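Now for the letters of each chain:
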Amino acid sequence: MREMLLMSTLGCHLCDVAAEILVQHMDPSRFVVDVVDIAEDDRLVDQYGVRIPVLVDEASGKELGWPFDENQLRAFLASLPADAG
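Let me sum up the structure you'll find in this document. (Residues numbered from 1 in each chain as written. Predicted model: local features only at pLDDT ≥ 70, side-chain atom pairs only at ≥ 80, totals over all residues. Heavy atoms only, no water.)

Turning our attention to the pattern of salt bridges. Within the structure shown, the criterion is met by 3 salt bridges. When the shortest N-O distance is used, the salt bridge between R2 and D57 registers 2.7 Å. Placement of the pair is R2 in strand β1 (residues 2-8) and D57 in strand β3 (residues 54-57), with a sequence separation of 55 residues. Comparing R2 with D57, the two get one shared label, buried. Between R51 and E63 there is a salt bridge, with the nearest N and O atoms lying 3.1 Å from each other. Here E63 lies in strand β4 (residues 63-65) and R51 lies in the loop between α2 (42-48) and β3, a separation of 12 residues in the sequence. A residue is classified by how much of its surface remains accessible, and E63, at 31% relative accessible area, is partly exposed. (Salt bridge = Lys/Arg side-chain N within 4 Å of Asp/Glu carboxyl O. Helix = DSSP H or I, 4+ residues; strand = E, 2+ residues; numbered from the N terminus. Buried < 20%, exposed > 50% of the residue type's maximum accessible area, 1.4 Å probe, protein only.)

So, on to the packing of helix α1 (residues 13-25) against helix α3 (residues 70-79). Their axes nearest at 10 Å, the elements α1 and α3 cross at an angle of 65 degrees. For the pair α1 and α3, the crossing hand works out as right-handed. Across from I21, L22 and H25 in α1, the residues of α3 making contact are E70, L73 and R74. When grouped by side-chain class, the residues that make up the contact of α1 with α3 number 3 nonpolar, 1 polar and 2 charged. (Axes fitted to C-alpha atoms, helices over the stretch in contact; angles between N-to-C directions. Left-handed = near helix turned anticlockwise from the far one by under 90°. Contact = heavy atoms within 4.5 Å. Nonpolar A, V, L, I, M, F, W, Y, C, P; charged D, E, K, R; others polar.)

Taken in spatial order, the 4 strands line up as β2-β1-β3-β4 in an open sheet, and their pairing is mixed. Sheet topology places β2 (31-37) and β4 at the edges, where each strand pairs with a single neighbour. Within this sheet the neighbouring strands show an average axis-to-axis angle of 20 degrees, counted without direction. With 4 bridges joining them, β1 and β3 adopt antiparallel strand pairing. Across the sheet, residue L5 finds its bridge partner in β3, namely V56. Sheet strands in contact with α1 are β1, β2 and β3, and its direction is about 160 degrees off that of β1. Where α3 meets the sheet, it contacts β1, β2, β3 and β4, and its direction lies at approximately 170 degrees from that of β4. (Pairing = 2+ DSSP bridges.)

Across soluble globular proteins, you tend to see nonpolar side chains buried next to one another. Counting residues in hydrophobic clusters, the biggest one holds 14 residues, and the most contacted among them are M4, M26, L55, L73 and L77. Elements with a contribution of two residues or more to this core: β1, α1 and α3. Aside from chain neighbours lying at most four places away, what touches L55 is M4, L5, L6, L22, M26, V33, K62, E63, L64, L73 and F76. One finds M7, C12, V36 and I52 within the second-largest nonpolar core, a separate group that totals 11 residues. (Core = buried A, V, L, I, M, F, W, Y, C linked by side-chain atoms within 4.5 Å.)

Structure (structure tokens):
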């Protein structure tokens, strides 16, 4: 299963919209998404503070930044390198 991170924070309306897109269009048998509250880590705030929501593929480090829709999400997922191992 491919592990993804959704960089987010409480009260972020756009993050809620992005999460709904992920729920509706990502196959849960292929992907698991953990929500990361960037407010808990100063480094993450510096890196993502003005860009959230951002979907990050843990294996490759590739990012899909907001705004994105279903088609952009599908293209991003298709572009990911095959899992190593």
